[in-house]
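Per-entry structural report
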Amino acid sequence: MNHQLLKQKLQATIKNVETINDGSPLTNLKLDKTLEKEIEQLTTDLESLNPHPQPLLNSPNLLEGTWQLLYSTAREIRSLDSLPLGFKVGKVYQVINVADKTFFNIAEVQHPLKLISGYVKVTASFEPAINTSGLADKRINVYFDKRYLAIDKIVGIETPKLNPFKVVKANNPQGRVATLDVTYLDENFRIGRGGDESLFILNKANV
């Protein structure tokens, strides 16, 4: 199976599991073990067919732009499933600026009654990690900067004074640098693996 067909199969498997069409990312907490293993196997198979196996060396510009998170096993994404006060997470995006070596992650949140909406945003910078051959390869070092909590609308009315209402320093891992391996990359699909073995699967967003 070529990488395009395998990619389509992985995308379809994730889409078929979604029970609520709100664009929120799927996490392994919502899956039984059999389906989780199926997604992991499809992901591993696709990674082995990566058309850009050294993305930071040969095709860094493919990282540029807005990416929507489809699936993740990361603790910080799974925690969005249990927000306080009944808030529910919606779409989660990552916006990358390759020239500036910066990105931000932003998760839309909304109360089920649609009385209040807002977002959680984390800004960060990154740099290519140099491998033993002295070259950039597929790993980036990540340095988280700030975390923003915001309410942008209450009962449909914009609330600029609450956007954001809290800005704090973002947490970085103690004793190590956070890393992300870009294990699959093409023009509209990306797979990444964090240093804590977390998995991220994203589509290029049409925004």
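Residues numbered from 1 in each chain as written. Predicted model: local features only at pLDDT ≥ 70, side-chain atom pairs only at ≥ 80, totals over all residues. Heavy atoms only, no water.

To continue, consider the nonpolar core. Counting residues in hydrophobic clusters, the biggest one holds 25 residues, and the most contacted among them are Leu 63, Ile 96 and Phe 200. Among the elements of the structure, strand S2 (65-72), strand S3 (88-97), strand S4 (102-110), strand S5 (116-130), strand S6 (136-154), strand S9 (178-185) and strand S11 (199-204) are those that each provide at least two residues to this core. Per-element accounting of this core gives the leading share, 4 residues, to S9. Setting aside residues no more than four positions away along its own chain, Leu 63 makes contact with Leu 56, Ile 96, Val 98, Val 182, Leu 185 and Arg 190. (Core = buried A, V, L, I, M, F, W, Y, C linked by side-chain atoms within 4.5 Å. Buried < 20%, exposed > 50% of the residue type's maximum accessible area, 1.4 Å probe, protein only. Helix = DSSP H or I, 4+ residues; strand = E, 2+ residues; numbered from the N terminus. Contact = heavy atoms within 4.5 Å.)

Attention now moves to the pattern of salt bridges. For the structure on display, the rule yields 5 salt bridges. When the shortest N-O distance is used, the salt bridge between Asp 186 and Lys 7 registers 3.0 Å. On the criterion of sequence distance, the pair formed by Asp 186 in the loop between S9 and strand S10 (189-194) and Lys 7 in helix H1 (residues 3-17) is long-range, its members being 179 residues apart. The same class applies to Asp 186 and to Lys 7, which are both buried. Taking the shortest distance from any N to any O, the salt bridge between Asp 181 and Arg 139 comes out at 2.6 Å. Remark: Arg 139 occurs in strand S6 and Asp 181 occurs in strand S9; sequence separation between them is 42 residues. Look at Asp 181 and you get buried, because its relative accessible area is 14%. Residue class for Arg 139 comes out partly exposed when judged on its relative accessible area of 38%. Bridged by salt links that share partners, the residues Glu 40, Glu 47 and Arg 193 form one connected network. (Salt bridge = Lys/Arg side-chain N within 4 Å of Asp/Glu carboxyl O.)

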